[in-house]
Every structure is written in C-alpha cells, then in structure tokens.
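# What the coordinates show
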Amino acid sequence: MVHSSRRRNFNNKKKGHEPRENKWRDDRDAPGNQGYREVLKENEKYWEYYKQQNVFPLEQFDEFKAALQRDLPVSFRFQGCHKDREQLIHEMENRFFGKIVEAEDTAVCVPKSLPWYKEAYQTPMSRTAVRSHPILAQLHNFLVTEAELGNLSRQEAVSMIPPLLLAPTSEHYVLDLCAAPGSKTTQLLEMIHENDENPKGMVIANDVDMKRCYMLIHHTLKRFRTAACAVTCEDAARFPQIADSDGGLIQFDRVLADVICSGDGTLRKNPEIWKKWTPQDGLGLHRMQIAIARKGAQQLKVGGRMVYSTCSMNPIEDEAVVAQLLRDSKGSLKLVDTSKMLPELKRENGVNQWKVFDRDMKLYNSLEDISEEKMKKVIVPSLFPPTEEEAKEMNLHYSMRITPHAQDTGGFFVALIEKVDESNFDGSAANGPAWKKKKMFKDEPFTFLKLDDERWHDIRNHYGVDESFKYQNLFSRRLESNDANSRQLFYANDAIKNFVKENMAKVSIQNAGMKMFSRTEGKVENTRFRLSQEGIRYLFKFMNKQKVKIGAEDMLHMLKSEENLVPLEKLTCKGDVRKQQNGTVVVYCDEDEPVCTWVGYHTIAPYISKEERLHLLRMMGVDCAEIELLMKSKRKEKAAQDREAAWARKEEEAKASGEPSTSSDAACAALEAPEENIQEMSEVKE
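None of these values were measured; they are calculated from a predicted model.

Turning our eyes to something else, we now look at the sheet that holds strand S4 (residues 152-153). Ordered in space as S2-S3-S1-S4, the four strands form an open sheet in which the pairing is antiparallel. Whereas interior strands pair on both sides, the edge strands pair on one side only; in this sheet they are strand S2 (112-114) and S4. As judged from the two bridges shared by strand S1 (residues 74-78) and S4, these two strands associate in the antiparallel manner. Of the residues in S4, the one forming a bridge with Arg77 is Ser153. Across the sheet, helix H7 (residues 183-193) lies against S1, strand S3 (117-123) and S4, angled at about 25° from S1, the strand it touches most.

By the definition in use, this model includes 31 aromatic pairs. On the basis of an interplanar angle of 75° and a centroid distance of 6.2 Å, the ring pair of Phe76 and Phe78 is categorised as edge-to-face. One exposure class covers both Phe76 and Phe78, and it is buried. Pairing Tyr538 with Phe542 gives two aromatic rings, centres 5.5 Å apart and planes at 55°, and the pair type is tilted. Three or more aromatic residues joined by ring pairs form one cluster here, namely Tyr46, Trp47, Tyr49, Tyr50, Phe56, Phe61, Phe64, Trp274, Trp277 and Phe357. Between the NZ or CZ atom of Lys547 and the centre of the ring of Phe540, over which it lies, the distance is 4.3 Å.

This next bit is on the pattern of salt bridges. Pairing of side chains with opposite charge becomes possible as their charged atoms draw close. All chains considered together, the criterion is met by 31 salt bridges. Note that Lys419 and Glu422 form a salt bridge whose closest N and O atoms lie 3.1 Å from each other. Accessibility expressed as a relative area gives 0% for Lys419, which makes it buried. In this structure, the salt-bridge partner of Glu569 is Arg578, at a minimum N-O distance of 3.0 Å. On the basis of relative accessible area, Arg578 is assigned to the partly exposed category, the value being 38%.

A few words now on the nonpolar core. If you look at the biggest cluster of nonpolar residues, it comprises 79 residues, and the most contacted ones within it are Tyr46, Phe64, Leu177, Ile204, Ile292, Ile379 and Phe499. Once you skip the residues sitting within four places of it in the chain, Ile292 turns out to touch Leu177, Cys178, Ala236, Ala237, Ala257, Val259 and Ile260. Core analysis: the next-biggest nonpolar cluster, separate from the first, contains 40 residues, Ala157, Val158, Ile161 and Leu216 among them.

Our focus in this paragraph is the side chain of Glu534. Considering the arrangement of structural elements, one finds Glu534 in the loop between strand S23 (529-531) and helix H16 (536-539). In this structure, Glu534 is buried with no salt-bridge partner, the nearest side chain bearing the opposite charge being Lys222 at 4.6 Å. Ignoring any residue separated from it by four or fewer positions in sequence, one finds Glu534 in contact with Leu221, Arg225, Met514 and Lys515.

Moving on: the sheet that holds strand S18 (residues 447-448). Two strands in a sheet stick together by hydrogen bonds in their backbones, pointing the same way (parallel) or opposite ways (antiparallel). Ordered by their spatial adjacency, five strands build an open sheet running S18-S19-S20-S22-S23, and the pairing between neighbours is antiparallel. For this open sheet the edge positions go to S18 and S23, each flanked by a neighbour on one side alone. Both strand S19 (residues 474-476) and strand S20 (residues 488-491) contribute to a ladder of two bridges, which runs antiparallel. Of the residues in S20, the one forming a bridge with Leu474 is Tyr491. With respect to the sheet, helix H14 (residues 454-463) is in contact with S19, S20, strand S22 (514-519) and S23, its orientation differing from that of S23 by roughly 50°.

With that out of the way, let us pick up helix H3 (residues 85-103). Over its 19 residues, H3 runs 27 Å from end to end, which matches the ideal 27 Å to within 8%, given 1.5 Å per residue. Where H3 bends most, at Phe97, the angle is about 30°. Along H3, the positions that sit buried rather than exposed are Arg85, Leu88, Ile89, Glu91, Met92, Arg95, Phe96, Phe97 and Ile100. Looking one or two residues past H3, Glu104 carries a phi angle of roughly 55°, positive in sign.

With eight of eight residues buried, strand S17 (residues 412-419) is to be regarded as a mostly interior element. Burial of S17 is two-sided: the residues Phe412, Val414, Leu416 and Glu418 facing one way and the residues Phe413, Ala415, Ile417 and Lys419 facing the other way are all buried. Note that strand S11 (residues 300-310) and S17 share six bridges and pair antiparallel. The residue bridging Val307 from the neighbouring strand is Leu416, located in S17. When strand S12 (residues 333-335) meets S17, the two strands line up antiparallel, connected through three bridges. Bridge pairing in S17 places Lys334 opposite Glu418. Note that strand S16 (residues 400-402) and S17 share three bridges and pair antiparallel. Its bridge partner being in S17, Ile402 is matched across the sheet by Phe412.

Cut-offs used in this document
Going along each chain's sequence as written, the residues are numbered from 1 onward. Local features in this predicted model are restricted to residues of pLDDT 70 or higher, and side-chain atom pairs are both shown and tallied only at a pLDDT of 80 or more, whereas totals for entire chains, interfaces and linings draw on every residue. Side-chain metrics rest on all non-hydrogen atoms present in the structure, leaving aside hydrogens and water. Whether two strands pair depends on DSSP finding at least two bridges between them. Secondary structure elements are taken from DSSP: a helix is a run of H or I of four residues or more, a strand is a run of E of two residues or more, and numbering for both begins at the N terminus. Here a residue-residue contact requires only that any non-hydrogen atoms of the pair lie within 4.5 Å. Axis angles are defined between N-to-C directions and span 0 to 180 degrees, where every axis is a line fitted to C-alpha atoms and, for a helix, only to the segment in contact. For Phe, Tyr and Trp, where Trp contributes only its six-membered ring, two rings pair if their centres lie within 6.5 Å, and the inter-plane angle classes them as stacked under 30 degrees, edge-to-face over 60, or tilted in between. Think of it in three bands: residues with accessible area under 20% of the maximum for their type are buried, residues over 50% are exposed, and the middle band is partly exposed, with areas taken using a 1.4 Å probe on protein chains only. As a reminder, the over-ring test applies to NZ of lysine and CZ of arginine, requiring each to be within 6 Å of the ring centre and within 35 degrees of the ring normal. Any carboxyl oxygen of Asp or Glu that lies within 4 Å of a side-chain nitrogen of Lys or Arg is treated as forming a salt bridge with it. Buried Ala, Val, Leu, Ile, Met, Phe, Trp, Tyr and Cys residues form a nonpolar core when they are joined through side-chain atoms within 4.5 Å. Charge counting follows a simple rule: Lys and Arg are positive, Asp and Glu are negative, and His as well as the terminal groups are ignored. Helix span, as expected, comes to 1.5 Å for every residue beyond the first. Throughout, the bend at a residue refers to the angle made by two axes, fitted to the seven residues ending there and to the seven starting there.

This is how it looks when you write it as structure tokens:
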C-alpha cells in the first residue's frame, strides 16, 4: 500500500481558445501538450539499486526498465460471488469486444482474461486511453456503472493476489489491517460470501487515516452491501486486542497486512515517485512495517494464515521484514510455500541475500560500517540479510516477487505466513513510530434493538416479517437515550454484532453492516419505516407482505420510464399493487432481484440508483447505449461543476487571507485541459 497525493498542473492559455475537434487524438506527447503530464521517467539511483539487489536475473534488466517506463495497463475483475457474473462477462465479450475487433484500430486492444485469474481482465492500454478513445466509450461506460454497483472492481492485477492466497471461507474471521482504498477488502468479502449469502464469518477492514476510511466505506459497505463487515480507524501497528462476548479474545483465521510502503513498484501509475525516490524511503519505513507485521501475527489464531505484502520490490521492505518477523516469533510462525499456488502467475522467488544502501547509495555491509552517529538510528540490525543458518530455517524463497516485465503489471511482493504455535514476541523488539491520528470528533455509538422493541413490532406487522429474522441484530447510530428518534436502522450478522458490542468503547468503529430501514418522515401513517434497497436482498426472503410479483413488461416500463413517478394505470400489475398499503412495496420478476418502490394513490416510483436501474435493464437484454452516454455526459458535467466550485472556494480563501487571486487564470487553463482530466480529477476526489 502506498499513500500518495496526486497533483494536476495545467498549461496556462489565453481565453478565446479554439474549440477542440470532436475526434480522438493521442497527442499527449506533442510539443506544448505536455504541461500536466510531462514526467522524466528516469532515476539513476533506482536503476543502480535494483542492478545491485539481484531480485531478478540481471540479463532481464532492460526489459524491467522498459516496462516501468510504460503506462500501467488497465485491469478489472468481476465480483466473485455475484449471481450475474457469467451473464455480465458474456455481455461484455459479445457486445463490446466484437466492436473493438471490427474497428481494426491498432491503437485499441481487446481486454484479455488473466491466465492466473479467469474472472479478471487486462488490456495494455492506459487508463487515459480507455477513458477517452471513442471505440471504447461504451465499454468504459459499462465498467463505470457496474463498478459503482460493486459488480466489478477496477483493480490493479497484482493487488488481486493476496486475497487469492488467503482464500477465506464463509466461517472465517478476517482482519485487513491497512485496508483503504478497499479493493482487496471487497475481494475478501466476495470470497466469504461465495458459498453463503449470509456468512457466519466477518471482515474487519482497518485504516489509520479517517479520510481513507470514508473511501473504504464507500468501496466496501456502500457498494458490496454486506452484514458481515465493519470499518475501523486504528493504527495498524497498535491495533487493540479484540474482546469476545465470553470474556476471552477474538483471534482471526486470516490476516492481510498490505503495509504502507515506498511504492517503488507503482511507478507506472504514480509517476511522481520517479523524481523523489531514494533508498532512504525503504529504510524509513522498515521499523513500522515490522511493527504492523508483528501485530498482524499476534491477532492470528494458531493454524491461521497471514499475507504480508507490499507494492515495493525492495528487499529492505520485503524479505528483511519477513525475516525479522520470523526471528521474533521464535518458531511460532513459518512461511508457506506458494510455488504451486496460482501456477500461471509468473514470479521470482524471494531472496536470502540483499544489500543495504543509504540515501546516497553508500553501501553498508554490517553495523561496523556506520561512522555517522545519526545513521545508527537508521541502519538497524534487522535490515541485514539472515545468516546462512537462519536462511535454511526461514525459507525466504517461499515468498514471491512480481516484476513489471514478467506479465506487464506493477511490482509487488507477497509472503504467506502460517501460525503453528502461539506467538510469544519479545516485548523489547523494535516498534515502529506511532501514527499521529487526528481525532476530529467522537465516534457515534451503536445501539442494538432490544427484545420486544416497539419499532420492530411496527415493522414486523406492516411487512409481515417472519419470526426467524434476527431483529435484535438491527441497530442505530444514536445514543440509547435518544435511540427512539433514529432515522435509520442497520443490520449486522452475529459476528459483527458481537464485535461491535464488545469493542466499541476501545476501538474506533466507523461503520458496520448494511442499511435496512429509513424513517418515512410521516409520509404515510401505516408504518414509520420504509425499506432500503441496500438491504432488501437479505430481508426479502423473510417478508410475507408488501411485495408483488410483476411481469417483465411492467418492470421494463418502470425502469425505462423518464418519469420518476410512473402512473399505475399504465401497468398490468396495477390491481395487485393497489391491494398493498401505500408506502414501500417490493416488486420483482426474479426473487434474486427485488426492487424497492414507493407507491402512492396513483403512481409508483422505483427507489433505486441510476446505475442499478441500468444494470437491471442490461440483465433484461436491453441495449443501454443511449442511457450510458447520457450518464457519462452528466458525470462530466458534474465533474466540471465540482471543479469550478473548488476554484471559487480557493478564490474566496485567497481573498480572506489577503493573498492575490490566481484562480481565474488557473481556471481558464483547467477549462482548456483535455476532457479526460476533468473526469480523472472527479474520480480522485471521490
């Protein structure tokens, strides 16, 4: 995991510019068009460092260098547990890939399935090219809308590896220590849901940064819609022990420690690293990485497995950390041989020997080589390779390093570790520095419904919910004294309920479960709560009232209607719908795809997002090209409005501080920028 800030610099141009031609032109490298994009993809220290480390055959160095200097290919994967996965793949391959082939444009490449992960696809084209090329416009719209619903994830190929090695099942308790932005967390959630739509296990997704936690919530809980996940905000190196309801401690079956790193394997997508990378980056993070790995191992139960991974190829951040972890564990941890796992994945084995350099590429063969006092705090014993005897016991070659030139990916390192005995780490072992987390406000409480709660009596009677539904797993985010006025009710499975109730006083829990009910604000008198589309798939099988099976023609009419309120008189199902009480009514053609609607005296309105409406139409065989283009246009318009608002705020701040305003020139330059950058800025913001 690498944390980076992305900055866009635009060419300043005069007003009254000529309008852009309405055709695609790949002229990003033409003179005068490089202002926001020009990066010198060279770093002599980087090249020399990896020539010295011997982490891949030296005769492959030119291929290694050339791969890093190319843009990162676009990759994405379909949700592993989604019932429509095969239909979505069929739709994509038949509707979009054929048009790409027919175009016979050498600048466009058809995405191909990854040989080691059949549900994932990759194209050598860059993200900007996929977004802006007219032949790929419909494919891009498809990817955007389905990704927003969580049906697929636009995820770097190498980042898919750790969950595949962990392979959690529906009963497993999983901890993701450094989870944001959430692509690996979502993949872990898919795996525990693969054979059970309501798994007994759970995934705890943690990140130290509050803003990144918000991104994590959007990517996991809002998109995946699960009762088996909670998001926490804690320093991974000091993640607290988790209490169980029986007075003991919860230990995890699977732990993912995708630790903060220098990100030197991400040069293809983070070009700002080129000019600033030095060996010091890895040295400065080494102790923190050890501390996070040790905390992950402590949280692991005997027989459980942990993946330690980085998006760096540097042995200082990789094998050196794993080696120190094995030393500290005193035999309670062992590396698992991954050579037979994912056989189609090309990788290099982990190494037993490496070299330690400082910022200026000075070589240190041992601690005795340190002459400067300040370097004694930087060059620590754990940086150096294991002895020959240690190396035989550690089996560092069981770990894997993914190099960019092997299969046209980013750089990555993965080690799979199993706990064979209870860890007894030396308390004097080095800890990383504490992360200075900003505590902006007090966490909202979690208040679960009690036995015979009157709100549940109201909900159960109105919707005919079966007695087997665990209503005491519903909760609000209000203090108990004010719980009766809660506007929303969420649902968690037993594992998450237990985790939240026993630990919310000592763990910063930001969000958990999925929304199931919202207050109606007095719109109807029959019930105080309407159903939420977010939780309807789980609740639907317990309902006996307020649901109507309708024909495909009626469903299509509602979904395709440009009117928010569809007249009931236009629907064949109007008689069955009017037999229900006004308010929320669930309609369905397929029990796996229920749709929440709001029914008035004369109209019905689907309560679903534009993306979900589009997905349902697509699954019913409707050509959604025009709707997709309209949605793309609106996304661009919104992104431009957001950008103009940002410049306005900046100008106001400049006026308030008495500084000269430069926003008008910058705004003009921004408006001149290629359209793809407007959307990219919007995506970064989101």
